[in-house]
Amino acid sequence: MNAKNAGAKRFRGGLTGCGFFSRNHLHAWQDIDTAEIVALCDADSERLQATGQAFGIERLYTDAAAMLSAEKLDFVDIATTAPSHRLLVEMAAHAGVATICQKPFALTLADARAMVAACDQAGVPLMVHENFRWQPAIQAVGRALQDGLIGAPFWGRVSFRSAFDVFSGQPYLARNERFIVEDLGIHVLDIARFLFGDVERLSATTSRVNPAIAGEDVATILLTHESGVTSVVDCSYASRRVQELFPQTLIEVDGADGTLRLSADYQLEIHNRDGTHRQTVTPPPLAWASAPWEAIQGSVLNIQRHWIECLRNGCEPATSGRDNLKTLTLVEATYLSAREGRTVTLKSLEEEATVDTSGSLSAVSR
Ligand code: NAD
Ligand code: 89V
């Protein structure tokens, strides 16, 4: 613990889901001296044991309910895939434990709304681990826009185009009927919301290029933001570029007083009346980082630090469950627009939510 944090409360967490991505969470927790993962849970006992051994965590559970009742936790970090999220989040809410949940928060808006309601009713904080906006380069773009360096933005493009083999690390992605929008587009849409604000309407096309997978691997989405900005969100896992850029998100913004470009290799260029300013916004040099994941790993550390600050200060996380409902609604709207070939107004999807008699929210989805 460094001098600044000496005497500060150390938040005790339990992590559920010791799979492919969890090691990034666990390494990041080790870098945060005011947090400690004291217990692990995974239904797969081999994975559980291996992860416990790798990270020096001895209190191991194959059942999340058992972990919650045996441990005195300040928070749980749910790093499982989406089908288990509602059960695990509601379980934590009923136990009165603050909760982080990996993205995609849910596979339906109904499940997402139910989780937000459960945590609200229990009075526990809920954050979705929507980390892409926490990458240093994306934060730098956000700061530049907020500082007015290019004046009021009127147009933007947020783009992720790659042919990286995500399926070897995450084989379930090849089997999901919904692929790129639900898994990756969700990050890119969240960045568009982060930079340009909430969305009034959108229209989208999707297609599948790779015949070996079940879902779509290309999506192009035209968004009209409430702020008046028009943006294009485009993502592809079928783009064989000269330089493979995974997992970089490229950004273009035109404003009333200038332009901003985040190009390959984290090159940020801001052009305005004062001239052209260039900087490289590389990911932080973490001891546990591994190529090409450095930017994502840096964002994991940043979002988890933010969570601990929020627990300490009682503030709502930037990507709270409530906030993430809006990103998830963009995902639903994208699929609906692509399926029906029409523009979708976000309000119309929000209004489809109805309160059922049990008090939980439900919505028509898919
Ligand atoms: P994974 O399948 O490798 O691991 C999930 C683990 O959860 C498995 O070990 C499984 O046994 C365990 N599990 C599932 N249900 C459980 C339950 N009810 N109780 C206890 N254990 C349970 O998945 P992954 O690739 O690590 O992905 C996990 C999540 O992280 C996904 O939602 C994925 O979208 C997300 N992810 C996010 C990023 C990012 O940058 N934000 C990157 C990769 C993956
Ligand atoms: O964020 C994710 O869930 C990952 C990746 C960045 C590889 O798309 O699937």
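Residue numbers run consecutively from 1 along every chain, following the written order of its sequence. Note on labels: chains are lettered from A, ligands numbered from 1, in written order. For this predicted model, a pLDDT threshold of at least 70 governs which residues receive local features, and a threshold of 80 or more governs which side-chain atom pairs are given and counted, while totals over whole chains, interfaces and linings are taken from all residues. Excluding hydrogens and water, the side-chain figures rest on all heavy atoms present in the structure.

An unreviewed UniProt entry annotates the chain as D-apiose dehydrogenase of Paraburkholderia gardini.

Here the focus is the UniProt feature "domain: Gfo/Idh/MocA-like oxidoreductase N-terminal" (unreviewed entry) in the chain. UniProt positions are given in the numbering used here, feature names are shortened, and annotations may be inferred rather than shown by experiment. The sites that carry the UniProt feature "domain: Gfo/Idh/MocA-like oxidoreductase N-terminal" (unreviewed entry) are, in the present numbering, residues 12–128. The way it works is that DSSP assigns letters per residue, a run of H or I at least four long becomes a helix, a run of E at least two long becomes a strand, and they are numbered from the N terminus. Between the C-alpha atoms that bound residues 12–128 the distance is 18 Å, and the span itself is 44% helix and 23% strand.

With that settled, the discussion passes to the site of ligand 1. The full set close to ligand 1 counts 25 residues, and Asp-42, Arg-47, Lys-103, Asn-131 and Tyr-172 are the nearest of them. Any pair of N or O atoms that falls within 3.5 Å is considered a polar contact. Within protein, one atom must be able to donate a hydrogen and the other to accept it, and sequence-neighbouring residues count only if both atoms are side-chain atoms. Separating an oxygen atom of ligand 1 from a backbone N or O atom of Thr-80 is a distance of 3.4 Å. Where accessible areas are quoted, they stem from the Shrake-Rupley method and a 1.4 Å probe; at the residue level, only the protein chains shown are allowed to cover. Taken by itself ligand 1 offers 860 Å² of open surface, and the protein chains cover 86% of this. Spatially, ligand 1 is embedded in the largest pocket. The class makeup of the residues in the shell around ligand 1 is 10 nonpolar, 10 polar and five charged. In this entry, domain limits derive from an automatic or database-based domain assignment. Structurally, the shell around ligand 1 is a two-domain feature, drawing no fewer than three residues from each of domain 1 (3–124) and domain 2 (133–288). Summary of the distance rule: residues count as near a molecule or strand when at least one heavy atom falls within 4 Å of that molecule or strand. Throughout, the protein atoms alone are placed on a 1 Å grid, and a set of points is a cavity if a 1.4 Å probe fits but cannot get out or a pocket if it is open with protein on both sides within 12 Å along at least five of seven lines; lining residues have an atom within 4 Å of a point. For this analysis, a molecule is said to be in a pocket or cavity if more than half of its atoms are within 2 Å of the grid points defining it. For this scheme, ten residues count as nonpolar: Ala, Val, Leu, Ile, Met, Phe, Trp, Tyr, Cys and Pro. Four count as charged, namely Asp, Glu, Lys and Arg, and the remainder, Gly too, count as polar.

Let us now look at the site of ligand 2. As a matter of local geometry, ligand 2 sits amid Lys-103, Phe-132, Val-166, Gln-170, Leu-173, Asp-183, Leu-184, His-187, Tyr-237, Phe-246, Trp-293 and Ile-296. For ligand 2, an oxygen atom lies 2.4 Å from a polar atom in the side chain of Lys-103. Measuring from an oxygen atom of ligand 2, one finds a side-chain N or O atom of Gln-170 at 3.0 Å. In isolation ligand 2 has 260 Å² of accessible area, and contact with the protein removes 90% of it. Mapping ligand 2 onto the cavity grids shows that it belongs to the largest pocket. A total of three residues in the shell around ligand 2 trace back to one element, the largest contributor, which is helix α8 (residues 180–196). When its residues are assigned to classes, the shell around ligand 2 shows eight nonpolar, two polar and two charged.

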